[in-house]
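The chain contents come next:
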Amino acid sequence: MEKTVYLGADHAGFARKASVFEYLKNEGHIVEDLGAHKNDPTDDYPEYAARVAQAVREHPGSLGVLSCGNAEGICIAANKFQGIRAGVGYSIKAAETMRTDDDANIICVPGRLDVNDDPLEIVHAFLSTDFSGAERHKRRIEEVAKLEK
């Protein structure tokens, strides 16, 4: 199923973002690259986390993929935005459960660290998995939303 996906990365995630971009385009998704657009070591991840988080928030139903060296910094920054639920995608199972259980709308993949599974398969799992809608998961997401206020 075609999805709208926003991408962002700093210099450490630049190459990962490029491979994800090509993969998603070939899969038929609508992909918008929000930067960085060149590999510049002065690029910092908060700027790109903000761009993707704001785009995902403004376009309900869209998803985001972010990358920095270890995926943690960019994930922390993205989670500062109300309504954003970002998680680190270190495996296919993590990607699937962050969608089914947490209704995550952004996945963060490391640009410089190895992960348990192929990063493109991790992104694919994230995009092809839906929120379960289970009451216990809805309740927990509502509790997290209260923390944002």
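Residues numbered from 1 in each chain as written. Predicted model: local features only at pLDDT ≥ 70, side-chain atom pairs only at ≥ 80, totals over all residues. Heavy atoms only, no water.

Draft legend 1. Local environment of the pairing of strand E5 (residues 106–110). The buried fraction of E5 is high, at five of five residues. Covered by surrounding structure in E5 are Ile106, Cys108 and Pro110 together with Ile107 and Val109, the residues of both alternating faces. Bridge count between strand E3 (residues 63–68) and E5: five bridges; the pairing is parallel. The residue of E5 that forms the bridge with Val65 is Ile107. As judged from the three bridges shared by strand E4 (residues 86–88) and E5, these two strands associate in the parallel manner. The partner of Gly87 across the bridge, within E5, is Ile107. (Buried < 20%, exposed > 50% of the residue type's maximum accessible area, 1.4 Å probe, protein only. Helix = DSSP H or I, 4+ residues; strand = E, 2+ residues; numbered from the N terminus. Pairing = 2+ DSSP bridges.)

Draft legend 2. Quick peek at the packing of aromatic side chains. Under the defined criterion, the tally for this structure stands at zero aromatic pairs. Directly above the ring of Phe126 sits Arg99, whose terminal nitrogen or CZ lies 5.6 Å from the centroid. (Phe/Tyr/Trp six-rings, centres within 6.5 Å; stacked < 30°, edge-to-face > 60°. Lys NZ or Arg CZ within 6 Å of the ring centre and 35° of its normal.)

Draft legend 3. Geometry of unusual backbone geometry. In this model, Gly35 is joined to Ala36 through a cis peptide bond whose omega is -5°. Turning to its location among the elements, Ala36 is positioned in the loop between strand E2 (30–33) and helix H2 (45–58). One non-glycine residue with positive phi stands out, namely Ala71, at about 75°. When you line up the elements, Ala71 lands in the loop between E3 and helix H3 (72–78). At Asp103, a position not held by glycine, the phi torsion is positive, near 50°.

Draft legend 4. Summary view of the pattern of salt bridges. For the structure on display, the rule yields seven salt bridges. Taking the shortest distance from any N to any O, the salt bridge between Arg85 and Asp103 comes out at 3.4 Å. With Arg85 in the loop between H3 and E4 and Asp103 in the loop between helix H4 (92–100) and E5, the pair connects residues that are 18 residues apart, well separated along the chain. Its salt-bridge partner being Arg139, residue Glu143 comes within 4.0 Å of it at the nearest N-O pair. Note that Glu143 and Arg139 are positioned in helix H6 (residues 135–147) at a spacing of four residues, about one turn of the helix. Since its relative accessible area comes to 42%, Glu143 is described here as partly exposed. By relative accessible area, which is 43% here, Arg139 ends up partly exposed. (Salt bridge = Lys/Arg side-chain N within 4 Å of Asp/Glu carboxyl O.)

Draft legend 5. Seen up close, the state of the cysteines. Enumeration according to the criterion identifies zero disulfides in this entry. The cysteine Cys75 is free of any disulfide, with Cys108 supplying the nearest cysteine sulfur at 3.8 Å. With a relative accessible area of 7%, Cys75 lands in the buried category. (Disulfide = S-S within 2.5 Å.)

Draft legend 6. Seen up close, the nonpolar core. If you look at the biggest cluster of nonpolar residues, it comprises 21 residues, and the most contacted ones within it are Val52, Leu66, Ala78, Ile84, Ala86, Ile106 and Cys108. Every element with two or more residues in this core is listed here: H2, E3, H3, E4 and E5. If one sorts the elements of this core by residue count, H2 sits on top with six residues. Excluding its chain neighbours within four sequence positions, the residues that come into contact with Leu66 are Gly8, Tyr48, Ala49, Val52, Ile74, Ala78, Ile106, Ile107, Cys108 and Val109. Grouped together as the second largest cluster of nonpolar side chains are 19 residues, Val20, Val31, Ile107 and Val109 included. (Core = buried A, V, L, I, M, F, W, Y, C linked by side-chain atoms within 4.5 Å. Contact = heavy atoms within 4.5 Å.)

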